[in-house]
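What the coordinates show
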Amino acid sequence: MSDDQPVSFGYRDLPDDAGAARAWWDANAEEYLDEHRDFLGDAGFRWGPEGLTEAEAGLLGDVDGRDVLEVGAGAAHCSRWLAARGARAVATDYSAGMLAGAKRLDAATGVVVPRVQADARALPFADGSFDVVFTSFGALPFVPDAVPVHREAARVLRPGGRWVFSVTHPLRWAFPDDPTLRGLTASRSYFDRRPYVEADAAGRVLYAEYHRTVGDHVRDVAAVGLRLTNLVEPEWPEWNDQVWGGWGPERGRYLPGTAVFVTVKS
């Protein structure tokens, strides 16, 4: 077994290990993108594994001619979709591996989106640079304190702009990571906020993902002056038979897997 293979898995307190997230995504970006390419689409925009698209939901509003920033963009699938609809889109991600994947997809699609490697907690843009900022399962799950991410989104937004983000539905953290009906029995407290951690034999953190309750998310956006206008909990559609980690059609028909928060800057 190589030294960088996880040998311990579980929930425990952890200091700031966002660097571990970057290393994990750098190492696994190509495999991840290949595995989910058909579902995501090289220039598609889905808010989560249920398959809800921005074309269906319209959570960002009219983007034609608007300045739009995607944080935690991965390979910039969503930004590419927006650019094809008239948005002046910019994609940022912490992972060089994911941005390399974005470059490959730019070449494959012919839709080139400006890419910037950046920590979502310290965005390299001036105040009030964008009309819309969003992330689909990016950045927020991988930092121990979400407030700096929300604060930066609010800072670079213009008045009246939207900050929209999707995350694992907080309820899901009380249940095992099992997409079948066996995963319908709660196995830990919803209020246990310890992150999920994978570590190697030396105790080095290889991956960490952080849990917040619905109330935590609401308080975090309110703390930076943003106003929550919508909370979308996509239902599992009949057409979607794929299993993606803990998401799948069996359990997805009973429990929400994704939450999308829509906020506005006054």
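The structure under discussion appears in the preceding block.
A brief look at the structure comes next. Just so we're clear, the structure is a prediction, and the values are computed from it rather than from any experiment.

**Notes on the overall build of the protein**
- Counting its secondary structure elements, the protein contains 7 helices and 10 strands.
- For 266 residues, the compact-globule formula gives about 18 Å, and the C-alpha radius of gyration of the protein, at 18 Å, lands near that figure.
- On the principal axes, the C-alpha backbone points of the protein span a range of 45 × 40 × 40 Å.
- Within the protein, the proportion of its 266 residues that are buried is 55%.
- Pairs at least 24 apart in sequence give 72% of the contacts found in the protein among residues at least 6 apart.
- When the accessible surface of the protein is summed, it comes to about 11900 Å², and 51% of that surface belongs to carbon and sulfur atoms.
- Considering the protein, the positive charge centre built from 28 side chains and the negative charge centre built from 39 side chains are found 5 Å apart.

**Side note on the sheet that holds strand β1 (residues 8–11)**
- Spatial strand order, β1-β7-β8: 3 strands in an open sheet with antiparallel pairing. Sheet topology places β1 and β8 (205–209) at the edges, where each strand pairs with a single neighbour. Each neighbouring strand pair of the sheet contributes to a mean axis angle of 15°, computed without reference to strand direction.
- Relative to β8, strand β7 (residues 196–199) runs antiparallel, the two sharing 4 bridges. In the sheet register, Ala 199 faces β8, and the bridge partner there is Val 205.

**Side note on helix α4 (residues 96–109)**
- Compared with the 20 Å implied by 1.5 Å per residue over 14 residues, the 20 Å span of α4 between its first and last C-alpha is a close match.
- Two residues or fewer past α4, Gly 110 is found with a positive phi of approximately 80°.

**Here's the deal with the sheet that holds strand β3 (residues 88–93)**
- Taken in spatial order, the 7 strands make up an open sheet running β4-β3-β2-β5-β6-β10-β9, and their pairing is mixed. Pairing within the sheet leaves two strands with one partner each, and these edge strands are β4 (115–117) and β9 (226–232). Neighbour-to-neighbour, the strand axes of the sheet open up by a mean angle of 20°, direction not taken into account.
- Across 7 bridges, strand β6 (residues 157–168) lies against strand β10 (residues 258–265) in antiparallel orientation. By the bridge assignment, Arg 162 is partnered in β10 with Val 264.
- Set on the sheet, helix α5 (residues 147–156) makes contact with β2 (67–70), β5 (130–136), β6, β9 and β10; between it and β6 the angle comes to about 150°.

**Points about the environment of Ala 87**
- Along the polypeptide, Ala 87 turns up in the loop between α3 (77–83) and β3.
- Look at Ala 87 and you get buried, because its relative accessible area is 10%.
- The spacing of Ala 87 and Leu 52 is 35 residues in sequence and 20 Å in space, taken between C-alpha atoms.
- If sequence neighbours within four positions are ignored, Ala 87 has contacts with Val 63, Asp 64, Gly 65, Arg 66, Val 68 and Leu 82.

**Notes on unusual backbone geometry**
- With a phi angle near 65°, Ala 76 is a residue other than glycine that sits in the positive phi range.
- For Ala 76, the position within the fold is in the loop between β2 and α3.
- Backbone geometry places Ala 139, a non-glycine residue, at a positive phi of 65°.
- Assessed through its relative accessible area of 16%, Ala 139 is described here as buried.

**Observations concerning the side chain of His 169**
- With respect to the helices, strands and loops of the structure, His 169 is situated in the loop between β6 and β7.
- Here Glu 233 takes part through its side chain, which lies 2.7 Å from a polar atom of the side chain of His 169.
- Apart from residues no more than four positions distant in its own chain, His 169 is found in contact with Glu 233, Pro 256, Gly 257, Thr 258 and Ala 259.

**Considerations on the pairing of β5**
- β5 sits mainly inside the fold: 7 of its 7 residues count as buried.
- As defined by bridge partners, β2 adjoins β5 across 3 bridges and the pair is classed as parallel. Residue pairing in the sheet places Glu 70 in a bridge with Phe 134 of β5.
- Of the pairings in the sheet, the one linking β5 to β6 comprises 6 bridges and is parallel in character. Residue Ser 136 lies in a different strand from β6, and its bridge partner there is Ser 166.

Each value, and the rule that gives it
- Residues numbered from 1 in each chain as written.
- Predicted model: local features only at pLDDT ≥ 70, side-chain atom pairs only at ≥ 80, totals over all residues.
- Heavy atoms only, no water.
- Helix = DSSP H or I, 4+ residues; strand = E, 2+ residues; numbered from the N terminus.
- Rg over C-alpha atoms; globule rule 2.2 N^0.38 Å.
- Buried < 20%, exposed > 50% of the residue type's maximum accessible area, 1.4 Å probe, protein only.
- Contact = heavy atoms within 4.5 Å.
- Areas by Shrake-Rupley, 256 points an atom, 1.4 Å probe, with all protein chains shown as cover.
- Lys, Arg positive; Asp, Glu negative; His and termini not counted.
- Charge placed at Lys NZ, Arg CZ, Asp CG, Glu CD.
- Pairing = 2+ DSSP bridges.
- Axes fitted to C-alpha atoms, helices over the stretch in contact; angles between N-to-C directions.
- Expected span 1.5 Å × (residues − 1).
- Polar contact = N/O pair within 3.5 Å; in protein donor to acceptor, adjacent residues only side chain to side chain.

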